[in-house]
Amino acid sequence: MPKYAMVVDQRRCVACMACVVACKKENEVPPGQFRTRVVELVEGEFPRLRMELRSELCNHCDNPPCVYNCPTGASYKAADGMVLLKKHRCVGCKACVASCPYDARYINEEKGFADKCTFCSQRIAEGKQPACVATCIGKSRIFGDLDDPASAVSAALRDNHHEVLLASAGTKPRVFYIKKFGTPE
Ligand code: SF4
Ligand code: SF4
């Protein structure tokens with residue numbers, strides 16, 4: 001069984017938003033809602049400012065509060081590590097939305113259930129890459145099997161310092177970041 005993860009190499013992002021558009025099209029994300037976004041972060045003090053671009057999405061946490069707080073079992077952690085949703089069990093109570101420290105979830109108002117990034121599980125099942133990865137012109141997004149030492153994600157993590165978002169939250173994310181400028185002092 002693979003252990004899926006994503007690496008975001010922030011050095012390679014050019015903020016073209018192709019990933020955001022591809023995700024919306026692939027997953028029929030309603031207007032005004034997003035499964036992934038690219039945020040611009042300004043760090044440092046004037047005049048020594050610098051900008052980081054950061055793709056954000058569900059972290060498919062190994063210790064996922066959204067799953068623990070779901071009262072119906074709709075949200076679950078699959079054996080391959082992906083955090084997914086049984087739509088027919090979702091009652092739209094928003095407990096998962098409130099408990100995610102990454103603001104990764106929303107209620108799909110058109111369809112009435114909680115939604116978020118699924119790593120494009122429908123594409124993975126067909127042997128394809130997630131839509132955002134397949135369309136990323138800078139090759140900033142890398143997806144694969146952490147348990148395969150030859151995978152692109154394993155190589156990227158082996159060769160580069162990497163971090164997760166809000167490590168102090170204890171959710172154990174499976175999305176890893178290689179920063180452009182390193183950790184701010
Ligand atoms: Fe759940 Fe949020 Fe972690 Fe995704 S990022 S698994 S929605 S807690
Ligand atoms: Fe579970 Fe749906 Fe409620 Fe989220 S909105 S906690 S998935 S029942």
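Counting from 1, residues in each chain are numbered in the order their sequence is written. The order in which chains are written sets their letters, starting at A; the order in which ligands are written sets their numbers, starting at 1. For a predicted model such as this one, the threshold for reporting local features is a pLDDT of at least 70, and the threshold for listing and counting side-chain atom pairs is 80 or more; totals across whole chains, interfaces and linings nevertheless cover every residue. Hydrogens and waters are ignored; side-chain quantities use all the structure's heavy atoms.

By the naming in an unreviewed UniProt entry, the chain is 4Fe-4S ferredoxin, taken from Geomonas silvestris.

## Some remarks on the site of ligand 1
The line we're drawing: Here, proximity means that at least one heavy atom of the residue falls within 4 Å of the molecule or strand. All residues other than Ala, Val, Leu, Ile, Met, Phe, Trp, Tyr, Cys, Pro, Asp, Glu, Lys and Arg, Gly among them, are scored as polar; the first ten of these are nonpolar and the last four charged.
If you check the shell around ligand 1, you find Cys58, Asn59, His60, Cys61, Pro65, Cys66, Val83, Cys100, Tyr102, Arg105 and Lys116 and nothing else. Looking at the shell around ligand 1 residue by residue, the classes come out as seven nonpolar, two polar and two charged.

## Thoughts on the layout of surface pockets
Quick reminder of the rule: Only protein atoms enter the calculation, which uses a 1 Å grid: trapped sets of points that fit a 1.4 Å probe without letting it out are cavities, open sets showing protein on both sides within 12 Å along at least five of seven lines are pockets, and any residue with an atom within 4 Å of a point is a lining residue. Grid points are joined across faces, edges and corners, and a volume is the space filled by probe spheres set on the points.
By volume, the largest pocket is sized at about 320 Å³. If you go around the largest pocket, you meet 20 residues; those closest to its centre are Arg35, Lys87, Asp115, Thr118 and Ser121. Its residues placed into classes, the lining of the largest pocket shows seven nonpolar, five polar and eight charged.

## Observations concerning helix 6 (residues 152-159)
To keep it simple, the criterion reads: Using a 1.4 Å probe on the protein chains alone, a residue whose accessible area is under 20% of its type maximum counts as buried, one over 50% counts as exposed, and one in between counts as partly exposed. Put simply, DSSP marks the helices as runs of H or I at least four residues long and the strands as runs of E at least two long, and each gets a number from the N terminus on. As used here, the arc belongs to the directions running from the helix axis to the C-beta atoms. We call two residues in contact when some of their heavy atoms are within 4.5 Å.
Buried within helix 6 are the following residues: Val153, Ser154, Ala156 and Leu157. Looking straight down helix 6, one finds that the buried residues subtend no more than 165 degrees of arc, so they occupy a single side. Turned more than 90 degrees off the buried face of helix 6, the exposed positions are Arg158 and Asp159. Tucked inside the fold, the buried residues of helix 6 contact strand 1 (4-9), strand 8 (141-145) and strand 9 (175-178).

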